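A structural walkthrough
Okay, here's what each chain looks like letter by letter:
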There are 2 protein chains.
Amino acid sequence: MQRFQHVKQQWQTVKLGYRFMQIVKAPYGDFAEIGRLAQEIHDPKSLQKVVEFLSQTSQGQQALQERPRLGSVDLQKLHQLPAHTLGYIYADHMLKNSFSPPNSQQIADNPYTFLGAHLGETHDIWHIVTGFDTNKAGEIALQAFYIAQIYPSQFWIVMLCKNLLKTALEDLDLCSQHMDALVTGWLLGKQARPLFGIDWKTLWELPLTTIQSELNLQNKQFDRLASLSG
Amino acid sequence: MQRFQHVKQQWQTVKLGYRFMQIVKAPYGDFAEIGRLAQEIHDPKSLQKVVEFLSQTSQGQQALQERPRLGSVDLQKLHQLPAHTLGYIYADHMLKNSFSPPNSQQIADNPYTFLGAHLGETHDIWHIVTGFDTNKAGEIALQAFYIAQIYPSQFWIVMLCKNLLKTALEDLDLCSQHMDALVTGWLLGKQARPLFGIDWKTLWELPLTTIQSELNLQNKQFDRLASLSG
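Residues numbered from 1 in each chain as written. Chains lettered and ligands numbered in written order. Predicted model: local features only at pLDDT ≥ 70, side-chain atom pairs only at ≥ 80, totals over all residues. Heavy atoms only, no water.

**Structural notes on the side chain of Asp171 of chain A**
Among the structural elements, Asp171 of chain A can be located in the loop between helix H9 (154–170) and helix H10 (175–191). Setting aside chain neighbours within four positions, we find Asp171 of chain A in contact with Tyr28, Lys136 and Lys166 of chain A. (Helix = DSSP H or I, 4+ residues; strand = E, 2+ residues; numbered from the N terminus. Contact = heavy atoms within 4.5 Å.)

Here's what the structure looks like:
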């Protein structure tokens, strides 16, 4: 029996290792592989901890109860808003990158499914308000930002590990840029007000800088930081 | 033939994934597993880049030519030095942790073997001068410090990924502490003068604070950093 347990554990190590290396070798942003990894490391206890953490703010608690969705997003319409608004800048980013609007399908009625759907459909809004690009360094910065804000999240740590290992094996010349991005993302994520649960569709018409200021998302002190350590 | 290539690649993914997960599951500081991982990711081109990077300073270039070794270290004798010296503080650290003095065996006559031997035998001195503890957070800080100083090193990035993944799977409660450690290590590694190639045995009798000041290793600005983002 003990031997069987041992074989089973070895097999799980092989499976998780294989899944992890598959995602390391997959192109950045391979959402099918990311989904399979999320399934593999899915741990209800860790998810429960994240929900408890997010419930500590009234904004998070309210979002987990009311579960506001982004709904159907009309990018062309948002693109008619003034150029300094969140709506315009978001739509411009989506259109320029040929990204489809987020999926507005109904989801199962529980906080965990909402957590996944909400984080998925607001991912590009987080890119816009944090100012992190959608290149490799920008994704790493945003992953570190998620680790600070969606705490303590196994998924985002594993995603960050994946991208660091990808840097070691495929993009060694970008190592310094990626480490700087990680540092910036973590520090900005700790400094900023919580982004989880914000009902972004009510903010399309506000100036982006107003939203960033409200959420304490200005990056200025990180320029200073870079000069400290550069 | 193409199919054979594909099977071979799949097998390499399984092997590297398995090796990586073995070290993730191994206790911290399992040197046998670390050695096996180093073998698995050994890439002569990346090592050559590190040697070129280290040769950019006269200190590094000289060390790679003259290859100064720490030699046989008498911890009891160093422990007789005044309490503020590098020698005393190093010996005290080694004795309190029941660490053996570094191996002083002769090595093959080339810069790559020297690089490994030098980094191995000075590891605990780096702990002392950086002020990073030998607990999990301290090792992570030192790994990020190595990434900044021994650039661009696949090995240290992989070690850092390993410890982050270990945090996700085993020590989720330490996530914040480990991310802070990573950030501090990277920034201090960029700020400090290069540590590689220093002939530490000539410095045992100097006050630790003098050495830290000379190497720009004071941590003060990072206290400020923590307060910025805390």
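More follows now that the structure is in view.
**Observations concerning helix H8 (residues 136–149) of chain B**
At 3.6 residues per turn, the α-helix brings residues three or four places apart onto the same side. With 14 residues, H8 of chain B should cover 20 Å at 1.5 Å per step; its first-to-last C-alpha distance of 20 Å lies within 8% of that length. Listed as buried for H8 of chain B are Ala137, Gly138, Ile140, Ala141, Leu142, Gln143, Ala144, Phe145, Tyr146, Ile147, Ala148 and Gln149 of chain B. Against H10 of chain A together with helix H3 (44–54), helix H7 (111–130), helix H9 (154–170) and helix H10 (175–191) of chain B lie the buried residues of H8 of chain B. (Expected span 1.5 Å × (residues − 1). Buried < 20%, exposed > 50% of the residue type's maximum accessible area, 1.4 Å probe, protein only.)

**Some remarks on the nonpolar core**
Generally speaking, a soluble globular protein has its nonpolar side chains buried in company with each other. Core analysis: the largest hydrophobic core is formed by 135 residues, its most contacted members being Leu86, Tyr90 and Trp200 of chain A together with Leu86, Tyr90 and Trp200 of chain B. Apart from the residues lying within four places of it in its own chain, the contact partners of Trp200 of chain B are Leu70, Leu86, Thr122, Ile125, Trp126, Val129, Leu195, Ile211 and Leu215 of chain B. (Core = buried A, V, L, I, M, F, W, Y, C linked by side-chain atoms within 4.5 Å.)

**Section: the packing of helix H6 (residues 86–96) of chain B against H7 of chain B**
Packed helices, taken two at a time, are described by their axes: the angle between them and the distance between them. Residues and elements named next belong to chain B. Contact pair H6 / H7: the axes reach a minimum separation of 10 Å and the direction vectors enclose 115°. Two packed elements cross with a definite hand, and for H6 against H7 that hand is right-handed. Together, Leu86, Ile89, Tyr90, His93 and Met94 of H6 and Asp124, Ile125, Ile128 and Val129 of H7 make up the contact between the two elements. Looking at the contact of H6 with H7 residue by residue, the classes come out as seven nonpolar, one polar and one charged. (Axes fitted to C-alpha atoms, helices over the stretch in contact; angles between N-to-C directions. Left-handed = near helix turned anticlockwise from the far one by under 90°. Nonpolar A, V, L, I, M, F, W, Y, C, P; charged D, E, K, R; others polar.)

**Regarding H9 of chain A**
For H9 of chain A, spanning 17 residues, the distance from its first C-alpha to its last is 24 Å, which sits close to the expected 24 Å at 1.5 Å a residue. Here H9 of chain A lies mainly inside the structure; 14 of its 17 residues are buried.

**Brief notes about the packing of aromatic side chains**
Tallying each qualifying case throughout the model produces 16 aromatic pairs over all chains. Note on Phe53 of chain A and Tyr151 of chain A: the rings are 5.7 Å apart at their centroids and 55° apart in plane angle, and the pair reads as tilted. Placement of the pair is Phe53 of chain A in helix H3 (residues 44–54) and Tyr151 of chain A in the loop between helix H8 (136–149) and H9, with a sequence separation of 98 residues. Its relative accessible area of 29% is what places Phe53 of chain A among the partly exposed residues. Residue Tyr151 of chain A is classed as buried on the basis of its relative accessible area of 15%. Pairing Trp126 of chain B with Tyr146 of chain B gives two aromatic rings, centres 4.7 Å apart and planes at 20°, and the pair type is stacked. A residue pair is termed long-range when its members are at least 10 positions apart, and Trp126 of chain B in helix H7 and Tyr146 of chain B in helix H8 qualify at 20 residues. Taking relative accessible area as the criterion, Tyr146 of chain B reaches 1% and is therefore assigned buried. Taken together, the aromatic side chains of Trp126, Phe132, Phe145, Tyr146, Phe155 and Trp156 of chain A make up a single cluster linked through ring pairs. (Phe/Tyr/Trp six-rings, centres within 6.5 Å; stacked < 30°, edge-to-face > 60°.)

**Concerning the pattern of salt bridges**
Residues and elements named next belong to chain B. Under the counting rule described, the total for this entry stands at 14 salt bridges over all chains. Lys96 is paired through a salt bridge with Asp92; the nearest N and O atoms lie 3.0 Å apart. In this pair, Lys96 and Asp92 are both assigned in helix H6, four residues apart and thus about one turn of the helix distant. By relative accessible area, which is 65% here, Lys96 ends up exposed. (Salt bridge = Lys/Arg side-chain N within 4 Å of Asp/Glu carboxyl O.)

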